[in-house]
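# A structural walkthrough
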Amino acid sequence: MRTRKKFSQNKGLYQIRFRIDRKTEGLWYAFWLMSDNVSKIGNGAVDGGEIDIFEVVPNDKNRDPGQRNYLNSAVHWDGYGSDHQSKASQKIIDSSFYGNDWHIVTFEWTDDYYKAYLDDETEPYWNTEGKAQEYGGIVNVENYIKLTAEFGDWGGDVTKSSESLPAAMYVDWVKVYKQE
């Protein structure tokens with residue numbers, strides 16, 4: 001699902017209430033923001049980027065076994081070709097994240113930072129405060145919302161998960177507030 005040409009915003013507070021019914025290797029879900037000029041090169045993320053509020057990665061085979069299941073948050077800028085740059089941060093989750101429990105992610109996007117919070121945690125699981133330049137600067141253009149389910153090697157081998165398919169992410173609501 002995406003809001004391209006229907007809704008976009010520059011900065012603000014974004015929230016989503018969701019649950020993922022089961023951990024399925026090779027399948028990951030994401031809540032992200034995208035600008036139409038993400039491929040513009042030369043000014044970092046300031047003039048356009050991809051902001052991954054979260055990607056639920058169930059089994060990253062390139063990490064140690066205890067670190068393979070996580071929420072990934074990132075910014076990508078300067079396109080997706082040879083000039084592509086990105087910076088990411090991860091929050092380890094365990095199998096209790098999946099099932100019937102609903103989760104709320106709150107994402108703050110200001111002139112100075114990105115911060116993301118999971119459920120009732122008071123400390124952000126992703127915080128770029130004081131580190132914005134590491135993330136290409138703060139995106140300063142409108143982005144539209146994307147909710148996706150994807151598969152590929154990053155999350156493991158989906159063909160090994162035939163017993164856990166079909167799988168789903170349920171979204172109760174998405175709320176967006178404008179920064180004043």
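Just above sits the structure.
Here the structure is a predicted model, which means the values were calculated and not measured. (Residues numbered from 1 in each chain as written. Predicted model: local features only at pLDDT ≥ 70, side-chain atom pairs only at ≥ 80, totals over all residues. Heavy atoms only, no water.)

## Side note on unusual backbone geometry
Here lysine 11, not a glycine, exhibits a phi torsion of approximately 70 degrees, which is positive. Even without being a glycine, aspartate 78 presents a positive backbone phi close to 60 degrees. Mapping aspartate 78 onto the fold places it in the loop between strand 4 (70-77) and strand 5 (85-92). (Helix = DSSP H or I, 4+ residues; strand = E, 2+ residues; numbered from the N terminus.)

## Re the sheet that holds strand 1 (residues 12-20)
Strands sit in the order 8-7-6-1-10 across an open sheet of five strands; the sheet is antiparallel. Both edges of this open sheet fall to strand 8 (126-127) and strand 10 (169-177), since each of them pairs with a single strand only. In this sheet, strand 7 (residues 114-118) lies alongside strand 6 (residues 103-109) in antiparallel orientation, the contact comprising five bridges. The residue of strand 7 that forms the bridge with threonine 106 is tyrosine 117. (Pairing = 2+ DSSP bridges.)

## Some words on the pattern of salt bridges
Following the criterion strictly, the structure yields seven salt bridges and no others. The salt bridge partner of arginine 4 is aspartate 36, with a shortest N-O separation of 2.9 Å. Note that arginine 4 is positioned in the segment before strand 1 and aspartate 36 in the loop between strand 2 (27-34) and strand 3 (50-57), a separation of 32 residues in sequence. Taking the relative accessible area as the measure of exposure, aspartate 36 reaches 53% and is therefore exposed. Note that glutamate 129 and lysine 115 form a salt bridge whose closest N and O atoms lie 3.0 Å from each other. Separated by 14 residues along the polypeptide, glutamate 129 in the loop between strand 8 and strand 9 (144-151) and lysine 115 in strand 7 bring together distant segments of the chain. Of the residues examined, lysine 115 reaches a relative accessible area of 12% and is grouped as buried. (Salt bridge = Lys/Arg side-chain N within 4 Å of Asp/Glu carboxyl O. Buried < 20%, exposed > 50% of the residue type's maximum accessible area, 1.4 Å probe, protein only.)

## Quick notes on the nonpolar core
If you look at the biggest cluster of nonpolar residues, it comprises 34 residues, and the most contacted ones within it are Phe54 and Phe107. Taken together, the elements giving at least two residues each to this core come down to strand 1, strand 2, strand 3, strand 4, strand 6, strand 7 and strand 9. Beyond its immediate chain neighbours, meaning those up to four positions away, phenylalanine 54 contacts Ile16, Phe18, Tyr29, Ala30, Phe31, Leu71, Asn72, Ser73, Val105 and Tyr125. Core analysis: the next-biggest nonpolar cluster, separate from the first, contains five residues, Trp32, Met34, Val38 and Tyr144 among them. (Core = buried A, V, L, I, M, F, W, Y, C linked by side-chain atoms within 4.5 Å. Contact = heavy atoms within 4.5 Å.)

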